[in-house]
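# Examining the three-dimensional arrangement
Residue-level listing of the chains:
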Amino acid sequence: MRRRSLLIAVPAGLVTLAGCGDDGKSDTAKSSSSPSASASASSAPPPKIVDGPLPAITAGTKFDEKPTVAKGTGDPSKNLAVKTVIAGGGQSVAENDYIQANYLGQIWDTAKVFDNSYDRKTPLVIQLAQGGIIDGWRYGLVGKKVGSRVEMSVPPTWGYGTSGNSQAGIKGTDTLVFVVDIQNTFNAKSSAKGKDVAQSDAALPKVGTNTDGKAPSITVPKATAPTKLVANYVIEGDGDEVKADSSVLVQYKGVLWDGGKEFDSTYSRGQLTSFSLQQVVKGWSQGLTGKKVGSRVLIVVPPSLGYGDSPPSGSGIKKDSTLVFSVDILAKM
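Let us look at the structure shown here. (Residues numbered from 1 in each chain as written. Predicted model: local features only at pLDDT ≥ 70, side-chain atom pairs only at ≥ 80, totals over all residues. Heavy atoms only, no water.)

### Quick word on the overall build of the chain
For the chain, the count of helices and strands is three helices and 18 strands. The burial tally for the chain puts 53% of its 333 residues in the buried class. For the chain, the share of sequence-separated contacts (at least 6 apart) that also reach a separation of at least 24 residues comes to 78%. In the structure as shown, the chain presents an accessible area of about 14,700 Å², 48% of it carried by carbon and sulfur atoms. (Helix = DSSP H or I, 4+ residues; strand = E, 2+ residues; numbered from the N terminus. Buried < 20%, exposed > 50% of the residue type's maximum accessible area, 1.4 Å probe, protein only. Contact = heavy atoms within 4.5 Å. Areas by Shrake-Rupley, 256 points an atom, 1.4 Å probe, with all protein chains shown as cover.)

### Focus: the environment of Gly172
Positionally, Gly172 belongs in the loop between β8 (149–154) and β9 (176–186). Counting along the chain gives 16 residues from Gly172 to Pro156, while the straight-line C-alpha distance between them is 6.3 Å. Filtering out sequence-adjacent residues up to four positions away, Gly172 remains in contact with Pro156, Gly161, Thr162, Ser163 and Gly164.

### Examining the nonpolar core
Of all hydrophobic cores here, the largest spans 27 residues; its most connected members are Ile99, Trp137, Leu141, Met152, Leu176, Phe178 and Val180. Those elements that provide at least two residues to this core are β4 (80–86), β5 (98–107), β7 (124–127), β8 and β9. The residues contacting Leu141, other than those within four sequence positions of it, are Val93, Ile99, Leu128, Val150, Met152, Val180 and Ile182. Counting residues in hydrophobic clusters, the runner-up holds 24 residues, among them Val248, Val250, Tyr252 and Phe263. (Core = buried A, V, L, I, M, F, W, Y, C linked by side-chain atoms within 4.5 Å.)

### Some points on unusual backbone geometry
Put simply, Gly52 and Pro53 share a cis peptide bond, and its omega is 0°. Within the fold, Pro53 resides in the loop between β1 (49–50) and β2 (57–59). Notably, Ala111 is not glycine yet its phi reads approximately 60°, a positive angle. Look at Ala111 and you get partly exposed, because its relative accessible area is 23%.

### Some words on the environment of Asp245
Position of Asp245 relative to the elements: it lies in the loop between β13 (230–236) and β14 (247–256). Separated by 33 residues in sequence, Asp245 and Gln278 place their C-alpha atoms 6.1 Å apart.

### Considerations on the side chain of Arg296
Along the chain, the position of Arg296 falls in strand β17 (residues 296–301). Residue Arg296 is classed as buried on the basis of its relative accessible area, which comes to 0%. Of note is the side chain of Arg296, whose polar atom sits 2.6 Å from the side chain of Asp328. (Polar contact = N/O pair within 3.5 Å; in protein donor to acceptor, adjacent residues only side chain to side chain.)

### Considering the pattern of salt bridges
Per the counting criterion, the structure on display carries nine salt bridges. In this structure, Glu95 engages Arg138 in a salt bridge whose closest nitrogen and oxygen atoms are separated by 2.6 Å. A residue pair is termed long-range when its members are at least 10 positions apart, and Glu95 in the loop between β4 and β5 and Arg138 in helix α1 (residues 135–140) qualify at 43 residues. Put simply, Asp174 and Lys171 hold a salt bridge, and the shortest N to O gap is 3.4 Å. Exposure remark for Asp174: the relative accessible area of 4% places this residue in the buried category. One connected set of salt bridges, linked through shared partners, spans Glu95, Asp135 and Arg138. (Salt bridge = Lys/Arg side-chain N within 4 Å of Asp/Glu carboxyl O.)

By themselves, these observations are geometric and do not establish any function.
Here it is in structure tokens:
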């Protein structure tokens, strides 16, 4: 079984600038046979989208059920063929959104399945952005709604180009067929979803519980900062638990304990961020491990688990600062 394929760019935020994993390696080094591979011919003009021809789905016809797709007959379209097989009623997907989806990919004229997420029992979470995913997905899934099953026929121009993907057995002349079940979509307005948890300790910061996509307030008390890590639910979701080696998609805001000044925020940048917990400061990796997807977590990071006496240059963080974060765990990748 292939390892999951992830394209994780180094986040723009500060939490990854120190305290990376011991080997300094990220998931970017993993084998890549899914549509997250960066070999897409992204310089091509936008494709004409047509509704066929497409092979029949002969089994696994329900949403989020592993499909069996027939071999393509005749010549595939030279255009991008896209069909909504099951119409969902959720939020519409926009370009640059992150989507969470199960999918199967096979080759048109052989029906050889080169990758699928159903057997891994872990959906793919990836951004529909240029350079981050093959253009067939980037153009074909925009406008589709959460809860939809979409079938696509992707010619090389909007797949892996003339070089193909030798690791997956895809030639530069192969048209690819995908079935994609869109489970969720995330953008800069996404927030935690769950039950509010009482914040009764007056010696700890209070975090706002708004779920409108706006940055929550963080009120730091006039008290001595804790010397040990604090990682408490503010909103408790009901998703899977994050593991120590998980990668996550998050919204977050960070302020200094001393004075409460904001020093970093995905909300301010208007862009979600994703990373492996093995890439971040120890306060984050320890604080998020075991927490549930969908949650908002208050993390208070003492200097020993943050940046210590080596804060990032230009960050506004002084040596030996205690850091306070509100983190919304949107998805596990």
